[in-house]
Amino acid sequence: MIIKNLTFVVPIQYEADFLSQVFKATDAVSQWVEDIRAYKIVEQLDPESFNFAVQLGFTTPSSLEAFNVQVLEDMIGEIQAGVSEPVLYFESHLEKIF
């Protein structure tokens, strides 16, 4: 399984809006992924924001690539559309070792 990890930096005042939008956006893409998990990062690095990780599981590299090409941009756009201020994010890909 390949995990696409999307980590978001969300201003405190938009936490509820962000969580609502992430739920809608991940629900809309559920047919593209094997597993969806979301986490709030416990350590608050900046007192003005929270960090969240959304992990999307894919069984093959080709299913991940199809998602990246056909779905990712719309999903990020939907998340951003519900928050008045730009939400920063970065992504990484993880593969389980043990």
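## Side note on the environment of leucine 45
Here leucine 45 is to be found in the loop between β2 (35-40) and β3 (49-58). Between the C-alpha atoms of leucine 45 and isoleucine 79, which are 34 residues apart in sequence, the distance is 22 Å.

## Considerations on the pattern of salt bridges
Oppositely charged side chains can form a pair if their charged atoms are brought close together. This model, assessed by the stated rule, comprises 3 salt bridges. Its salt-bridge partner being glutamate 15, residue lysine 40 comes within 2.9 Å of it at the nearest N-O pair. Of this pair, lysine 40 sits in strand β2 while glutamate 15 sits in helix α1 (residues 15-28), placing them 25 residues apart in sequence. Judged by its relative accessible area of 43%, lysine 40 falls in the partly exposed class.

## Some words on the environment of valine 42
Along the chain, valine 42 falls in the loop between β2 and β3. In this structure valine 42 comes out as exposed when scored by relative accessible area, which is 74%.

## As for the nonpolar core
Counting residues in hydrophobic clusters, the biggest one holds 24 residues, and the most contacted among them are Phe8, Phe18, Leu56, Phe67 and Met75. Where this core is concerned, the elements lending two or more residues are β1 (2-11), α1, β3, α2 (61-70) and α3 (72-81). Counting residues per element, this core draws most heavily on β3, which supplies 5 residues. Beyond its immediate sequence surroundings of up to four residues, phenylalanine 8 is in contact with Phe18, Phe50, Asn51, Phe52, Val54, Ile76, Ile79, Val87, Leu88 and Tyr89.

Parameters and conventions
- Residues numbered from 1 in each chain as written.
- Predicted model: local features only at pLDDT ≥ 70, side-chain atom pairs only at ≥ 80, totals over all residues.
- Heavy atoms only, no water.
- Helix = DSSP H or I, 4+ residues; strand = E, 2+ residues; numbered from the N terminus.
- Salt bridge = Lys/Arg side-chain N within 4 Å of Asp/Glu carboxyl O.
- Buried < 20%, exposed > 50% of the residue type's maximum accessible area, 1.4 Å probe, protein only.
- Core = buried A, V, L, I, M, F, W, Y, C linked by side-chain atoms within 4.5 Å.
- Contact = heavy atoms within 4.5 Å.

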